[in-house]
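# Per-entry structural report
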Amino acid sequence: MTDYVTYTTGEPVADTKAPEGPIHERWDKRRFEAKLVNPANRRKHTVIVVGTGLAGGSAGATLAEQGYKVIQFCYQDSPRRAHSIAAQGGINAAKNYRNDGDSVHRLFYDTVKGGDFRARESNVHRLAQISVEIIDQCVAQGVPFAREYGGLLDTRSFGGVQVSRTFYARGQTGQQLLLGAYQALSRQIAAGNVELHPRTEMLDLIVIDGRARGIVARDLVTGKIDTYVADAVVLASGGYGNVFYLSTNAMNSNATAIWRAHRRGAYFANPCFTQIHPTCIPRTGDHQSKLTLMSESLRNDGRIWVPKAKGDTRPPNEIPEDERDYYLERIYPSFGNLVPRDIASRAAKNVCDEGRGVGPGGQGVYLDFADAIKRMGRKAVEAKYGNLFDMYQRITDEDPYQVPMRIYPAVHYTMGGLWVDYDLQTTVPGLFAIGEANFSDHGANRLGASALMQGLADGYFVLPATINDYLARHPHRDEITDDHPEVQEVLAETEDRLNLLLSVDGDRTPDSFHRELGELMWEFCGMARTDAGLRKALERIPQIREEFWRRIKVPGTGEEFNQSLEKANRIVDYLELAELMCLDALHRTESCGGHFREESQTPDGEAARKDDAFAYAAAWEFTGTGAPPVLHKEDLVFEYVHPTQRSYA
Amino acid sequence: MARTVWDSTVGKKAVMAVSGVIMLLYLVAHVIGNLKIFFGAGEFNHYGHWLRTVGEPFMHYEWTLWLIRVVLVVAVVAHAVSAYQLSRRDIKARPSKYVHRKPRASYATRTMRWGGIILGLFIVWHVLDLTTGTVHSGGFQEGHPYQNVVDTFSTWYGNVIYIVAMLALGLHIRHGFWSAAQTLGVGSRARDRALKTVANVLALLLTAGFVAVPVGVMTGVVS
Amino acid sequence: MKLTLRVWRQKNADADGAMSTYEVDGISPDMSFLEMLDVLNEQLILAGEDPVAFDHDCREGICGACSLVINGDAHGPERTTTCQLHMRSFRDGDTIDIEPWRASAFPVIKDLVVDRSAFDRIIQAGGYITAPTGSAPEAHATPVPKPDADYAFEHAECIGCGACVAACPNGAAMLFTSAKVNHLGVLPQGAPERETRVLDMVARMDEEGFGGCTLTGECATACPKGIPLTSITHMNREWLRATRKAAKR
């Protein structure tokens with residue numbers, strides 16, 4: 001019943017903004033070439049920022065500091081609650097404080113390699129360059145990073161690298177960085193430079209004469225749907241991991257802002273690149289509403305193992321050393337437990353598929369701290385990981401100081417997102433995407449502690465520099481007001497959509513659809529994907545969508561605080577986005593990073609890339625719900641890091 | 001600065017703390033003086049007279065005493081007014097109660113508020129009884145405090161009022177002393193035990209010292 | 001597990017509220033408290049009733065959105081956030097009372113959802129270090145003694161959930177305010193604004209209609225992040241110091 005397995009290929013898309021020349025000079029060159037807006041004129045420009053996480057919060061604060069008028073939105077009751085707050089482990093920066101051989105170039109190299117050669121070199125190099133400034137900025141804001149006794153900053157190691165470049169604040173680095181950005185934003189709100197709309201959710205994008213000119217948003221308290229116009233729109237609304245229902249994302253994190261922008265013309269790149277994080281607490285039953293991450297930093301000292309024998313049900317402490325398989329250390333001796341996330345996740349899946357998984361349903365592996373406790377003492381382990389151990393114990397009722405933790409992979413991050421050029425501008429002029437909402441820097445797999453780095457690089461340093469160029473070139477002397485016919489049209493469409501949801505009055509709850517879609521996606525578009533499975537998913541999704549519009553039940557009205565309506569409306573978008581994810585996964589018949597096609601693997605079961613056919617970013621253009629989209633390829637050119645089979649052995 | 005202090009909840013608490021400490025210092029002197037009653041009428045009455053001549057010849061007769069009285073009145077008024085205003089504010093800040101009540105939640109606050117009211121009423125009675133003699137039970141004799149005290153504690157209600165008030169005083173000091181330290185910012189994790197111990201010891205000694213007098217009268221040790 | 005829930009229901013800010021009683025069955029001890037409420041809401045939707053509104057987001061104890069008073073305790077019987085409270089803390093057949101945060105500075109929006117924007121305004125009044133993007137010196141230019149960094153972190157852990165206000169018999173926001181004052185005040189980077197910060201934040205706190213502190217310690221007992229009561233003591237000291245300094249100028 002669907003043609004969605006077919007698609008057409010359109011003109012290639014190319015980044016026209018990154019300058020030519022040596023890679024380490026490009027960012028300077030771009031900043032110099034970009035036009036500027038006279039400081040006196042900045043007050044006349046309004047910029048909408050959607051989201052207040054690391055990217056949105058830092059962008060809103062910085063744009064306001066520069067003198068722009070910022071209108072900012074978050075669905076939470078306070079900007080401080082954006083989901084960046086949950087990032088635990090740390091933030092990478094090429095400071096080389098350890099003198100362990102780190103450099104901007106090494107961070108650049110590690111990131112391109114870690115992303116399995118599917119990221120744009122210019123962007124990644126800029127990210128590595130900016131990383132050092134981020135640490136300076138955050139320290140100046142009062143972010144309480146961990147310090148050594150001498151008063152200098154401490155660092156630790158993360159997966160996929162052999163240097164110690166991750167700065168951290170115990171297991172709450174994201175929280176501390178976000179509060180830094182939130183406080184900077186608060187200062188601008190108090191100064192009247194940022195107009196903040198909390199508990200307000202973006203529902204659509206307003207495009208006039210081919211340019212992004214505003215958004216439609218709903219006040220979640222009163223239910224009132226309003227339009228907001230501006231000279232540019234910045235989406236910092238995060239990733240779309242919640243398509244899977246169960247993920248480490250916050251319950252209300254959603255894809256509506258980016259999906260609606262996609263429907264209005266912004267290309268969506270690499271939607272199938274999702275990151276499955278290897279160390280999450282396994283699910284306990286059908287009631288599960290979300291999964292909880294255990295920081296990757298635990299792999300610094302914890303050792304991952306399963307019993308050598310299948311179906312070994314002895315308690316872990318009774319399994320003797322020689323009957324344990326420390327499989328990561330065995331297969332990847334030089335990186336050991338610190339291999340990149342995609343590799344660790346897949347290895348866990350493999351041992352569980354072999355029947356050697358532990359815990360209920362055999363869906364888990366051990367992360368064991370017995371050796372670390374013996375080596376460093378319980379006190380030192382407590383100081384480093386105390387809050388994570390407490391959290392684990394609270395959720396599982398097991399004491400990780402006594403018995404090894406049980407962990408299993410879970411959906412965590414989405415590398416895909418809106419396609420952007422070097423300026424972080426989407427294919428809709430005036431529409432920018434930053435942070436996890438864009439696709440740019442992590443390729444097919446993100447390294448640990450790089451999300452915080454990218455979010456803050458985009459928000460504090462990249463966007464505020466590049467958006468000048470757009471605003472200077474498009475002064476928008478033509479004032480658009482809320483009663484402009486095209487503004488009113490988008491408003492009416494949004495209202496119709498919500499009214500339709502409320503009018504179905506069927507017999508299934510929003511969550512029941514979300515759960516069904518999530519299970520389907522996890523099975524067929526999760527850790528391992530096959531042609532047959534993806535085709536099956538592509539057949540099922542339109543059926544679920546059809547059933548959704550027939551049987552959804554949303555109680556209450558649109559003119560009130562209505563959490564069911566919020567949920568249902570987000571699911572509408574998941575039901576379309578899921579289809580594009582599966583199609584993207586189906587069309588990319590290679591394996592790379594987090595995208596593992598069973599048909600494309602090396603004899604040892606590692607991801608086998610096909611650089612001849614797939615060294616491109618797939619940017620999809622929307623043509624209608626359920627209609628075949630158009631694929632635009634951006635060829636990836638590797639001048640500095642030459643693609644090789646990734647080796648962590 | 002005075003404006004800032006008085007307008008702020010933190011500042012008003014500091015006013016309470018400082019006035020509380022002043023009253024506490026006074027009470028320490030007061031209880032030491034009271035205990036002289038156990039050494040006979042001569043010594044006690046002499047002490048009463050000395051209170052009026054302290055500071056002579058620099059101060060005139062009773063000047064020092066009046067100075068102390070003025071300071072005390074200011075302290076009591078400042079303490080009571082700030083307590084009243086803060087309590088009003090606190091009740092307004094939390095107008096509706098939880099359906100599921102937890103009595104312990106407001107134990108200390110309630111003891112302080114009710115204890116404070118009891119102490120306020122007591123002070124009025126105490127002054128009218130033993131300073132002015134207005135409501136004194138026997139014939140009040142100016143300059144004969146020993147006899148006056150014995151008269152007061154020869155009535156059952158005199159004893160009840162006094163002992164109840166002194167118990168309230170103990171509880172009030174117990175939380176109040178520690179609380180004042182926190183309000184004035186001198187508390188710390190390291191000092192917390194010490195502060196709580198001092199508060200308990202002060203509360204106990206003052207209560208015991210004051211209650212000793214009526215007990216002495218009742219048991220006939222003082223007569 | 002089978003449970004009886006008595007839940008505060010209030011249609012909107014202006015409506016009167018009351019407790020309503022519901023039964024839920026088939027609750028697993030491994031469920032989180034909010035997952036138990038999810039079960040209730042699924043039941044209510046299918047029965048054509050309005051589901052119970054409550055704030056929640058990360059469900060891992062860090063965003064600070066969840067905010068329920070359970071059997072009279074902010075965040076329930078364990079020292080954690082509501083989302084990290086599990087049903088194993090309750091027994092089969094229990095009756096559980098669920099209410100919103102109560103404080104006049106936190107008006108109810110609907111059912112168990114309250115408006116905590118007063119906290120944001122306290123931060124806006126001075127809970128930051130002025131460091132515009134791009135102006136930062138090299139991070140290692142100013143070493144911070146480890147004890148100071150640890151002290152700052154301990155106070156920076158506050159998640160702004162408001163349990164301190166909910167637990168306080170006076171509806172005071174002293175613990176929240178002091179946590180930020182102490183976090184920023186102890187760091188060398190925060191020193192230039194040390195006085196104005198504490199004065200402005202306390203003034204804002206008062207303007208928002210929070211109560212005063214009577215040092216009952218309920219806030220620190222309820223705090224899921226373990227912000228200590230001494231935090232308030234230290235803020236008092238900071239405030240008095242700042243007031244003296246301001247008077248001298």
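Residues numbered from 1 in each chain as written. Chains lettered and ligands numbered in written order. Predicted model: local features only at pLDDT ≥ 70, side-chain atom pairs only at ≥ 80, totals over all residues.

Further remarks concern the overall build of chain A. Along the backbone of chain A there are 16 helices and 21 strands. Relative to its full complement of 649 residues, chain A shows a buried share of 61%. When contacts within chain A are restricted to residue pairs at least 6 apart in sequence, long-range pairs at least 24 apart make up 74% of them. (Helix = DSSP H or I, 4+ residues; strand = E, 2+ residues; numbered from the N terminus. Buried ≥ 20, exposed ≤ 12 C-beta atoms within 10 Å, placed from the backbone. Contact = placed C-beta atoms within 7 Å.)

Right, let's talk about the sheet that holds strand β13 (residues 274–280) of chain A for a bit. All names here are of chain A. Read across the sheet, 5 strands follow the order β13-β17-β16-β14-β15 without closing on themselves; strand pairing throughout is antiparallel. Looking at strand neighbours, the two that pair on one side only are β13 and β15 (324–325), the edges of this open sheet. Here 5 bridges tie β13 to strand β17 (residues 405–414), and the two strands are oriented antiparallel to one another. Bridging across to β17, T274 finds its partner in T414. Its contacts with the sheet put helix α8 (residues 341–353) on β13, β14 (303–307), β16 (365–368) and β17, and the angle it makes with β13 is roughly 65 degrees. (Pairing = 2+ DSSP bridges. Axes fitted to C-alpha atoms, helices over the stretch in contact; angles between N-to-C directions.)

Residue and element names in this part refer to chain A. Taken domain by domain, chain A holds domain 1 (277–411) and domain 2 (485–616). Here the C-alpha centroids of domain 1 and domain 2 sit 30 Å apart. Contact residues are listed per partner, giving 6 residues for domain 1 and 6 residues for domain 2. For the side of domain 1 that touches domain 2, the leading source of residues is α8, giving 5 residues. In terms of residue class, the side of domain 1 that touches domain 2 is built from 1 nonpolar, 2 polar and 3 charged. (Domains from an automatic or database assignment. Nonpolar A, V, L, I, M, F, W, Y, C, P; charged D, E, K, R; others polar.)

What follows is about the interface of chain B and chain C. Each partner contributes to the interface: chain B provides 35 residues, whereas chain C provides 38 residues. Of all the secondary-structure elements, those providing two or more residues to the side of chain B that touches chain C are α1 (2–7), α2 (9–34), α4 (63–93), α5 (107–130) and α7 (156–183) of chain B. In the side of chain B that touches chain C, the residues fall into 13 nonpolar, 14 polar and 8 charged.

Next up on the list: the packing of helix α3 (residues 104–114) of chain A against helix α4 (residues 121–141) of chain A. All names here are of chain A. Closest axis-to-axis distance for the α3/α4 pair is 8 Å, and the angle between their directions is 135 degrees. Of the possible angle classes, the one that applies to α3 and α4 is oblique. Here α3 runs over α4; the crossing is right-handed. Where α3 abuts α4, its residues V104, L107, F108, T111 and V112 lie against E121, V124, H125, L127, A128, Q129 and S131. Across the contact of α3 with α4, the residue classes tally to 7 nonpolar, 4 polar and 1 charged. (Parallel < 35°, antiparallel > 145°, perpendicular 65-115°, else oblique. Left-handed = near helix turned anticlockwise from the far one by under 90°.)

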